[in-house]
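# Structural overview for review
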Amino acid sequence: MPRVALTPEAADVLRGLRADHGDLMFHQSGGCCDGSAPMCYLAGEFRTGSSDVHLGDLAVDEFVIPVWMSAAQFEYWSHTHLTIDVVPGRGSGFSLEAPLGIRFLVRSRLLTDEEL
């Protein structure tokens, strides 16, 4: 069972971002600036390592977007399924959607016993 998904609206935004910028990735940390907002970067622009967990990959048409989370943040979210959505508003200046007047956010639900 995948741990991550995205809404059709978020998929539409990602299509446009990929057309404008190239391959993409998400990273969600527990950082100070945007809390635990998912940040969209060019693939490889945010360096991941042993302190990160690969949650899965999002398939949007023919391309795949890996989703990462800091290991410390994953300790809090390990029992949840995450759906990346998009809403109006200003997000982080580091995330690629920021100039569009929208921001990505995570909607979560508890994993069932069968999913764990």
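Residues numbered from 1 in each chain as written. Predicted model: local features only at pLDDT ≥ 70, side-chain atom pairs only at ≥ 80, totals over all residues. Heavy atoms only, no water.

An unreviewed UniProt entry lists the chain under the name UDP-glucose 4-epimerase, with Lentzea waywayandensis as the source organism.

Hydrogen bonds between backbone atoms are what pair the strands of a sheet, whose relative direction is either parallel or antiparallel. The three strands lie next to each other as E1-E6-E7, forming an open sheet whose pairing is mixed. The sheet terminates laterally at strand E1 (4-6) and strand E7 (102-110), the two strands that pair on one side only. The mean angle between the axes of side-by-side strands here comes to 25°, regardless of whether they run parallel or antiparallel. Sheet topology places E1 next to strand E6 (residues 80-88); three bridges connect them, and they run parallel. Across the sheet, residue Leu6 finds its bridge partner in E6, namely Ile84. Sheet contacts for helix H1 (residues 8-21): E1, E6 and E7; angle to E6, the most-contacted strand, approximately 65°. (Pairing = 2+ DSSP bridges. Helix = DSSP H or I, 4+ residues; strand = E, 2+ residues; numbered from the N terminus. Axes fitted to C-alpha atoms, helices over the stretch in contact; angles between N-to-C directions. Contact = heavy atoms within 4.5 Å.)

This part takes up the pattern of salt bridges. A full pass over the atoms with the stated rule returns six salt bridges. Here Arg15 makes a salt bridge to Asp12, at a shortest N to O gap of 2.6 Å. Of the two residues, Arg15 and Asp12 are both situated in helix H1; the distance of three residues between them amounts to about one turn of the helix. Classification of Arg15 by relative accessible area gives partly exposed; the value is 32%. Arg109 is paired through a salt bridge with Glu115; the nearest N and O atoms lie 2.9 Å apart. Look at the salt bridges and you will find they share partners, linking Asp12, Arg15 and Asp61 into a network. (Salt bridge = Lys/Arg side-chain N within 4 Å of Asp/Glu carboxyl O. Buried < 20%, exposed > 50% of the residue type's maximum accessible area, 1.4 Å probe, protein only.)

All right, on to the side chain of Thr80 then. With respect to the helices and strands, the residue Thr80 is situated in strand E6. One polar contact links the side chain of Thr80 to the main-chain carbonyl oxygen of Trp77, over a distance of 2.7 Å. Setting aside its immediate chain neighbours within four residues, Thr80 contacts Arg3, Ser108, Arg109, Leu110 and Leu111. (Polar contact = N/O pair within 3.5 Å; in protein donor to acceptor, adjacent residues only side chain to side chain.)

So, on to the side chain of Gln73. In this structure, Gln73 sits in helix H2 (residues 71-77). Apart from the residues within four sequence positions on either side, Gln73 is in contact with Gln28, Ser29, Gly30 and Ser36.

Leaving glycine aside, a negative phi is the common case for residues, and trans is the common case for peptide bonds. Positive phi, close to 55°, is recorded for Asp61, a residue that is not glycine. With respect to the helices and strands, the residue Asp61 is situated in the loop between strand E4 (52-60) and strand E5 (63-70).

This brings us to H1. Along its 14 residues, H1 runs 20 Å from first to last C-alpha, staying within 8% of the 20 Å computed at 1.5 Å per residue. Of the positions making up H1, those classed as buried are Ala10, Ala11, Val13, Leu14 and Leu17. Taken down its axis, H1 places every buried residue within 160° of arc, on the same side. Across from the buried face of H1, at angles greater than 90 degrees, the exposed residues are Pro8, Ala19 and Asp20. (Expected span 1.5 Å × (residues − 1). Arc of directions from axis to C-beta.)

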